[in-house]
Amino acid sequence: MENILKMQGVSKNYGKNRVVDNFGITVKRGSIHGLIGPNGAGKTTIMRILAGLTAPDCGELQFFGSKENLDEYRRRMSYMIEAPIIDPSMTAYNNMKYVCLVRGVADENRINEVLDFVSLNDTGKKMAGKFSLGMKQRLGIGMALLTKPEIMVLDEPVNGLDPNGIVDIRLMLKKLAKEQNVTILISSHLLSELSEICDEFTLVKDGKVIDSFNAEELKTKCKSRIRIKTNDINATCAILEDKLSVKSYKVVHDDEIFLYEKLDEIELVSKTITDSGIIITKLLFENESLEEYYLSKVGVTHE
């Protein structure tokens, strides 16, 4: 698969504060690539560098395999960084028409096509200032789509949305990548959400890459475990140690056990606990979440 966007050795200082530190990322055509990290990790600065809004102090950028004429290649890309730039006194249609004028999109039929895609075709004369946050995010994505970009760079597009709004954006982005072959670089601190949509992941902390992997590799990185909840967690721990010789487990939230042994013997685990007079209220096999994996990489416990 073609590498369509690349950053290598990129650093950026603001005064004495280094916000991006020897950062590198490679994004493949047609993929949804998640840039993952907490607020303050440097994600927005990285995206501003990609958009040409901020110049790096050092490092190299490549778009579509070229290191030259980056501004020309940026015409084939679109960006929504920090928040969509929307005129609240105009309708969705007129906001998009303004973008058409600025970006040189001659075909106004494209506006209705995009409004339909982002499910805003029924907003009529309603002013954008009266839109919900989810509608504003969809409008921002729609405005970014008007030029038929090959790459979209989206900074925290689900930030502040309710669960329904998050699902709407998720389905829209997956549809864009699958049906229109749009490459998407998306940043978020909502790690569980990115795990639902991304093909590739780059973890960042303090402006540095701490890991990168694809969706298949994530499955092997995230530990498998048996999750146990009972009416007496301390007694359950004693039973696991004394009767099953278990050593690899941990108690989380003070009332659940993550068991990393006996993964193929879940029936034996269940029978041993219940035969000891303990009531099991939860017993399931699962994998560690992307959020937990990230926290383990940066040295933070999730208990």
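Scroll up a little and you will see the structure.
The paragraphs below set out a description of the structure included in this document.

## Section: the overall build of the chain
For the chain, the count of helices and strands is 11 helices and 13 strands. Evaluated residue by residue, the chain yields a buried proportion of 47% over its 303 residues. Look at the contacts in the chain between residues 6 or more apart in sequence, and 69% of them connect residues 24 or more apart. Within the structure as shown, the chain displays about 15300 Å² of accessible surface, and the carbon and sulfur contribution to it stands at 45%. In the chain, which carries 40 positive and 44 negative side-chain charges, the distance between the mean positions of the two groups comes to 4 Å.

## So, the packing of helix 9 (residues 233–244) against helix 10 (residues 266–275)
For any two helices packed against each other, one specifies the crossing angle of their axes together with the interaxial distance. In the contact formed by helix 9 and helix 10, the axes pass within 10 Å of each other and the chain directions differ by 115°. Regarding the angle of helix 9 to helix 10, the classification is roughly perpendicular. The chirality of how helix 9 crosses helix 10 is right-handed. When helix 9 is examined against helix 10, the residues T236, I239, L240, K243 and L244 are found in contact with a partner set consisting of L268, V269, T272 and I273.

## Observations regarding the packing of aromatic side chains
A full pass over the atoms with the stated rule returns 3 aromatic pairs. Here a set of aromatic residues connected by ring pairs shows up, and it is made of F201, F213 and Y293. Here the basic side chain of R76 rests over the ring of F64, its NZ or CZ set 3.8 Å away from the ring centre. We note K223 situated over the ring of Y260; from NZ or CZ to the ring centre the distance is 5.1 Å.

## Description of the pairing of strand 12 (residues 256–259)
Along any regular strand, the residues point their side chains to alternate faces of the sheet. By the alternation rule, side chains of strand 12 split into E256 and F258 and I257 and L259, which are all buried. Bridge count between strand 10 (residues 224–230) and strand 12: 3 bridges; the pairing is antiparallel. Within the sheet, the bridge partner assigned to R227 lies in strand 12 and is F258. One ladder, built from 4 bridges, connects strand 11 (residues 249–252) with strand 12; its direction is antiparallel. For K250, the partnering residue across the bridge sits in strand 12 and is F258. The antiparallel hairpin formed by strand 11 and strand 12 contains 3 residues in its connecting segment, where H253 sits at a positive phi of about 55°.

## Quick word on the sheet that holds strand 11
Backbone hydrogen bonds are what pair the strands of a sheet, in a parallel or an antiparallel way. Pairing in this open sheet of 4 strands is antiparallel, and the strands run 11-12-10-13 from one edge to the other. Every other strand in the sheet has two partners, leaving strand 11 and strand 13 (280–287) as the edge strands with one partner each. Neighbour to neighbour, the strand axes of the sheet diverge by 20° on average, direction disregarded. Packed on one face of the sheet, helix 9 meets strand 10, strand 11 and strand 12 and runs near 25° to strand 12.

## Thoughts on the sheet that holds strand 4 (residues 58–63)
Strand order in the open sheet formed by 3 strands is 2-1-4, with antiparallel pairing between adjacent strands. Across the chains shown, the open sheet's two edge strands, defined by having one partner strand only, are strand 2 (17–28) and strand 4. Adjacent strand axes in the sheet meet at a mean angle of 15° when their direction is disregarded. Where strand 1 (residues 3–14) meets strand 4, 5 bridges bridge the pair, whose relative direction is antiparallel. When the bridges of strand 4 are listed, Q8 appears paired with E60. Running at roughly 115° to strand 1, helix 1 (residues 43–51) makes contact with strand 1, strand 2 and strand 4 of the sheet.

The rules behind each value
Residues numbered from 1 in each chain as written. Predicted model: local features only at pLDDT ≥ 70, side-chain atom pairs only at ≥ 80, totals over all residues. Heavy atoms only, no water. Helix = DSSP H or I, 4+ residues; strand = E, 2+ residues; numbered from the N terminus. Buried < 20%, exposed > 50% of the residue type's maximum accessible area, 1.4 Å probe, protein only. Contact = heavy atoms within 4.5 Å. Areas by Shrake-Rupley, 256 points an atom, 1.4 Å probe, with all protein chains shown as cover. Lys, Arg positive; Asp, Glu negative; His and termini not counted. Charge placed at Lys NZ, Arg CZ, Asp CG, Glu CD. Axes fitted to C-alpha atoms, helices over the stretch in contact; angles between N-to-C directions. Parallel < 35°, antiparallel > 145°, perpendicular 65-115°, else oblique. Left-handed = near helix turned anticlockwise from the far one by under 90°. Phe/Tyr/Trp six-rings, centres within 6.5 Å; stacked < 30°, edge-to-face > 60°. Lys NZ or Arg CZ within 6 Å of the ring centre and 35° of its normal. Pairing = 2+ DSSP bridges.

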